[in-house]
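Structural description and commentary
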Amino acid sequence: MTNPALPITSADIDSAAAVIAPFAVRTPLLSSPSLDALTGATVFLKPEVLQRTGSFKFRGAFNKLSSIPQDARAGGVVAFSSGNHAQGVAAAAQILGMQATIVMPADSPLSKRERTKGYGAEVVLYDRYTEDREAIAGAIASQRGATLVRPYDDPFVMAGQGTVGREIAQDLAALGIVPDIVVAPASGGGLVAGIAIAVKARFAEASIIVAEPAGFDDHARSMRAGHRQAHSNDSKTFCDALMALIPGELTFAVNQRLLADAVSANDAEVGAAMAFAFRDLKLVVEPGGAVALASLMSGKFDARGKTVVIVLSGGNVDADLYASIINAN
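Summarised in this report is the structure supplied together with it. As the structure is a prediction and not an experimental result, all values here were calculated from the model.

The description of two aromatic rings rests on the distance between their centres and on the angle between their planes. What the rule picks out here adds up to three aromatic pairs. Ring geometry for Phe 23 and Phe 62: centres 4.7 Å apart, planes at 35 degrees, overall tilted. Of this pair, Phe 23 sits in the loop between helix H1 (10-20) and strand E1 (30-31) while Phe 62 sits in helix H3 (residues 57-67); the two residues are 39 residues apart in sequence, bridging distant segments of the chain. Summarising the aromatic geometry, the rings of Phe 58 and Phe 62 are spaced 5.6 Å apart at their centres and angled 35 degrees between planes, so their arrangement reads as tilted. One end of the pair, Phe 58, and the other, Phe 62, are both in helix H3, four residues apart, so they sit about a helical turn from each other.

Most of strand E7 (residues 181-185) sits inside the fold, with five of its five residues counted as buried. The sheet contact formed by E7 and strand E8 (residues 207-213) spans five bridges and is parallel. Each residue of the ladder has a partner; that of Pro 185, found in E8, is Ala 211. On the question of chirality, the crossover connecting E7 to the parallel E8 by way of helix H8 (residues 190-202) is right-handed. Relative to strand E10 (residues 307-312), E7 runs parallel, the two being bridged by three bridges. Looking at the pairing, Val 183 lines up with Ile 310 of E10.

Moving on, we get to the sheet that holds strand E6 (residues 147-149). Here four strands make up an open sheet; going across it, the order is E5-E4-E3-E6 and the pairing parallel. Two strands in the sheet have a free side with no partner beyond their single neighbour: strand E5 (122-126) and E6. Between one strand axis and the next, the sheet turns through 25 degrees on average, direction left out of account. Bridge count between strand E3 (residues 77-80) and strand E4 (residues 100-105): four bridges; the pairing is parallel. Among the inter-strand pairings, Phe 80 is bridged to a residue of E4, identified as Val 103.

So, about helix H11 (residues 267-281). Helix length check: H11 (15 residues) gives 20 Å between terminal C-alpha atoms against 21 Å at 1.5 Å per residue, within 8%. Every buried residue belonging to H11 is among Val 270, Gly 271, Ala 273, Met 274, Ala 275, Phe 276, Ala 277 and Leu 281, and all of these are buried. Considering only its buried residues, H11 is in contact with helix H2 (33-39), strand E2 (42-47), strand E9 (259-265), helix H12 (291-297) and helix H13 (319-328). At the N-terminal end of H11, a side-chain oxygen is found 3.1 Å from the backbone nitrogen of Ala 268, two or three residues along, and the residue is Asn 266. Two residues or fewer after H11 comes Lys 282, characterised by a positive phi angle close to 60 degrees.

Basis of the calculations
- Residues numbered from 1 in each chain as written.
- Predicted model: local features only at pLDDT ≥ 70, side-chain atom pairs only at ≥ 80, totals over all residues.
- Heavy atoms only, no water.
- Phe/Tyr/Trp six-rings, centres within 6.5 Å; stacked < 30°, edge-to-face > 60°.
- Helix = DSSP H or I, 4+ residues; strand = E, 2+ residues; numbered from the N terminus.
- Buried < 20%, exposed > 50% of the residue type's maximum accessible area, 1.4 Å probe, protein only.
- Pairing = 2+ DSSP bridges.
- Right-handed = clockwise from strand over helix to strand, strands pointing away.
- Axes fitted to C-alpha atoms, helices over the stretch in contact; angles between N-to-C directions.
- Expected span 1.5 Å × (residues − 1).
- Contact = heavy atoms within 4.5 Å.
- Polar contact = N/O pair within 3.5 Å; in protein donor to acceptor, adjacent residues only side chain to side chain.

Okay, structure coming up:
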């Protein structure tokens with residue numbers, strides 16, 4: 001796709017692929033006979049749980065940080081994140097010799113906070129229900145002369161995430177297979193936007209579907225309305241990675257045009273998908289990372305007889321929560 005109205009193009013994703021190639025993992029496409037039998041579809045899984053830092057977020061973070069001019073790197077970078085973007089930015093900054101400060105929710109999984117610190121980043125905690133993370137991060141960036149690295153509404157971040165879709169398209173083309181449906185989760189929408197551009201550049205007829213936690217359906221609402229709308233849910237979900245209030249401006253400019261549908265899965269359905277991934281696929285998938293798989297397994301879209309790609313976007317989950325979910329399923 002090279003439509004100038006879109007904030008990024010497939011050429012931007014190609015460029016990002018070259019930038020991240022020496023450092024990011026080129027995750028495989030996996031198949032599962034038991035999943036095919038369960039769904040009546042031919043299913044391929046893109047396990048970004050195997051990516052550096054445990055999620056796709058490293059791709060966009062590294063591409064963004066690499067774009068910062070050398071003379072602007074001394075001030076470091078600041079990001080706000082529930083955990084996966086935090087780790088991606090922290091790891092990318094460590095590789096590139098930059099200081100990272102990450103604004104994280106106080107209730108984010110301990111494993112995500114500790115791993116972020118482990119990459120050498122400073123972590124600043126905030127209350128996600130009463131404080132504005134963007135304002136906090138913006139103030140820190142201004143005080144320190146740092147570059148603010150947004151989690152999704154940034155062309156370099158979106159292009160980096162789009163390399164997931166580029167790899168999917170390349171690997172399927174090498175097998176002589178045409179995808180009917182590609183499903184990816186969304187918080188702000190950067191991953192699914194990048195995937196949509198990359199996949200449709202090679203397979204124009206493929207349907208790209210976004211998956212969200214039940215009640216946190218801002219993409220579904222926005223697609224129905226034709227403009228960005230926030231979800232109205234003030235409750236909680238264990239899909240901590242997918243709790244953005246409203247789609248990004250840049251991401252929605254892509255997703256409004258290129259997505260075919262939006263589906264959702266509740267916590268029980270997500271838990272069942274996590275347990276399936278553990279027992280049948282031998283993969284640890286965090287709740288937010290399992291929403292697309294949950295939507296397939298619970299029949300939220302018509303997959304029978306079709307070739308479907310499911311993105312497992314991340315695997316960073318606290319051990320106690322993970323054990324409780326697996327044991328309950």
